[in-house]
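Residues per chain, in single letters:
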Amino acid sequence: MATRRAGVLGWPVEHSRSPLIHGYWLARYGIDGRYDKLPVAPDDFEAYVRDMPRQGFVGANVTIPHKGAAHRLCDRLTSRAARLESVNTIWFEDGKICGDSTDGEGFVAALDSECPDWMDRHARALVLGAGGAAAPIVEALTTRGFDDVIVANRTLAKAEDLSRRLTCRAVPLEDVDAWLADCDLLVNTTSLGMKGEGAFTFDLQRLPPHAIVDDIVYVPLVTPLLAAARARNLRTVGGLGMLLHQAAPGFERWFGLKPEVTRELYDRLAADVAAS
Ligand code: NAP
């Protein structure tokens with residue numbers, strides 16, 4: 001059988017850590033496969049994807065700016081990808097292009113792994129941000145059974161758009177203080193706290209002591225938000241777990257084996273981020 005190929009389609013794609021993750025699993029399970037960075041400009045995206053099976057590809061991850069285009073191109077979609085109108089994982093089946101959105105699954109899998117009792121209290125989640133990463137997280141939280149998901153965003157119209165498509169409420173980011181007191185889970189999906197970006201100014205003192213703070217930003221590994229939460233002895237979850245767990249469903253589709261997110265892989269990725 002020919003070497004099975006997969007990769008990550010993006011523009012630019014140089015920053016992607018997906019090859020490190022999939023390369024680790026391919027080596028660990030002794031699979032005859034390869035996973036490459038695939039820089040493809042938006043104008044070339046459709047033709048490139050249609051030609052992938054001929055080049056030996058079994059599928060690919062899709063990142064910025066192609067997630068919407070991939071959604072439009074797919075012949076078959078999982079129900080969550082259809083709801084989110086976004087695709088980050090494609091595979092080829094019976095001559096058809098198939099797509100899924102695995103970010104939400106990765107987000108909840110990281111919480112399951114790092115805070116196994118996180119669903120014990122699921123009355124209210126406060127999600128900061130309404131960009132590409134927020135939608136699958138809101139969808140995953142409501143699917144899991146969170147009663148009330150509030151999306152706070154700088155541009156209120158984007159949060160309102162999410163609230164029309166998914167089960168959540170929209171509030172302006174400057175009102176966050178008012179929502180912290182009754183919050184079981186606080187999730188940052190904005191780029192605030194990322195290396196080189198600004199940071200939040202609100203006061204975490206208002207969060208209840210049982211609240212969990214999850215920041216999906218993973219550069220740096222410990223964001224100012226996570227540091228502030230730890231200083232208050234709150235439980236925290238960083239973004240690396242989500243990055244690792246969102247990769248697993250694609251690997252399983254392409255290479256036929258459910259990969260394990262091991263401590264060794266986590267540490268390798270953390271070392272790579274720390275060196276950047
Ligand atoms: P995006 O679509 O560009 O959305 C960016 C979000 O950040 C928007 O809500 C935006 O608000 C907000 N924002 C940006 N600058 C801000 C500021 N100065 N003040 C307040 N809000 C600000 O980006 P994305 O794809 O959702 O990614 C967001 C972050 O999540 C990135 O750091 C990315 O690396 C990380 N991420 C992590 C994972 C993981 O697996 N751990 C996966 C995906 C993304 P406006 O709408 O007002 O502009």
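Residues numbered from 1 in each chain as written. Predicted model: local features only at pLDDT ≥ 70, side-chain atom pairs only at ≥ 80, totals over all residues. Heavy atoms only, no water.

Applying the stated criterion across every chain yields a total of 7 aromatic pairs. Relative to F251, the ring of Y29 lies with its centre 6.4 Å away and its plane at 50°, an arrangement referred to as tilted. Here the residue Y29 occupies a position in the loop between α1 (18–28) and β2 (33–39), and F251 occupies one in helix α10 (residues 240–255), the gap between them amounting to 222 residues. A residue is classified by how much of its surface remains accessible, and F251, at 0% relative accessible area, is buried. Ring geometry for F251 and F255: centres 4.9 Å apart, planes at 50°, overall tilted. Highlighted residues: F251 and F255, both in helix α10, separated by 4 residues, approximately one helical turn. Considered together, F251 and F255 belong to a single accessibility category, that of buried residues. Here the aromatic cluster, defined as three or more aromatic residues joined through ring pairs, consists of W25, Y29, Y35, F251, W254 and F255. A cation over a ring is seen here: R253 above W91, with NZ or CZ 3.8 Å from the ring centre. (Phe/Tyr/Trp six-rings, centres within 6.5 Å; stacked < 30°, edge-to-face > 60°. Helix = DSSP H or I, 4+ residues; strand = E, 2+ residues; numbered from the N terminus. Buried < 20%, exposed > 50% of the residue type's maximum accessible area, 1.4 Å probe, protein only. Lys NZ or Arg CZ within 6 Å of the ring centre and 35° of its normal.)

It is worth spelling out the nonpolar core at this point. Ranked by internal contacts, the top residues of the largest apolar core, which has 29 residues, are F107, W118, L141, L162 and L185. Breaking this core down by element, the ones donating at least two residues are α5 (103–114), β7 (124–128), α6 (134–144), β8 (148–153), α7 (156–165) and β10 (185–188). A total of 6 residues in this core trace back to one element, the largest contributor, which is α6. Among all residues touching L162, those that are not within four sequence positions of it are A130, A134, A135, V138, V151 and C168. (Core = buried A, V, L, I, M, F, W, Y, C linked by side-chain atoms within 4.5 Å. Contact = heavy atoms within 4.5 Å.)

When α1 is considered as a whole, its buried residues turn out to be S18, I21, H22, Y24, W25 and L26. Of the residues flanking the end of α1, it is G30, one or two places downstream, whose phi is positive at about 60°.

Time to look at the sheet that holds strand β6 (residues 96–100). Taken together, 6 strands build an open sheet; the order of strands is β2-β1-β3-β5-β6-β4 and the sheet is mixed. Every other strand in the sheet has two partners, leaving β2 and β4 (76–77) as the edge strands with one partner each. Examined bridge by bridge, strand β1 (residues 4–10) and β2 share 7 bridges and lie parallel to one another. Bridging across to β2, G7 finds its partner in D36. Contacting β1, β2 and β3 (59–62), α1 crosses the sheet at an angle of about 170° to β2. (Pairing = 2+ DSSP bridges. Axes fitted to C-alpha atoms, helices over the stretch in contact; angles between N-to-C directions.)

A few words now on α5. For α5, which comprises 12 residues, the first-to-last C-alpha distance of 16 Å matches the rise-based estimate of 16 Å (1.5 Å per residue) to within 8%. Of the positions making up α5, those classed as buried are D103, G104, G106, F107, V108, A110 and L111. Buried positions along α5 lie against α3 (67–73), α6, β10, β11 (212–215), β12 (235–237) and α10. (Expected span 1.5 Å × (residues − 1).)

Running from amino to carboxyl end, α5 crosses α10 at an angle of 120°, the nearest separation of the two axes being 7 Å. By the criterion of interaxial angle, the relationship of α5 to α10 is oblique. Crossing angle aside, the handedness with which α5 passes α10 is right-handed. Contacts from D103, E105, G106, F107, A109, A110, S113 and E114 of α5 reach α10 at G241, M242, H245, Q246 and P249. Residues of the contact of α5 with α10, tallied by class, amount to 5 nonpolar, 5 polar and 3 charged. (Parallel < 35°, antiparallel > 145°, perpendicular 65-115°, else oblique. Left-handed = near helix turned anticlockwise from the far one by under 90°. Nonpolar A, V, L, I, M, F, W, Y, C, P; charged D, E, K, R; others polar.)

Here S18 shows up in helix α1. In this structure S18 touches V8, Y35 and N61, once residues within four positions along its chain are discounted.

This part takes up the sheet that holds β12. Pairing is parallel in the open sheet, where 6 strands are placed in the order β9-β8-β7-β10-β11-β12. This sheet does not close on itself; its edge strands, each paired only once, are β9 (169–172) and β12. The average undirected angle you get between the axes of adjacent strands in this sheet is 20°. In this sheet, β10 lies alongside β7 in parallel orientation, the contact comprising 4 bridges. For A125, the partnering residue across the bridge sits in β10 and is L185.

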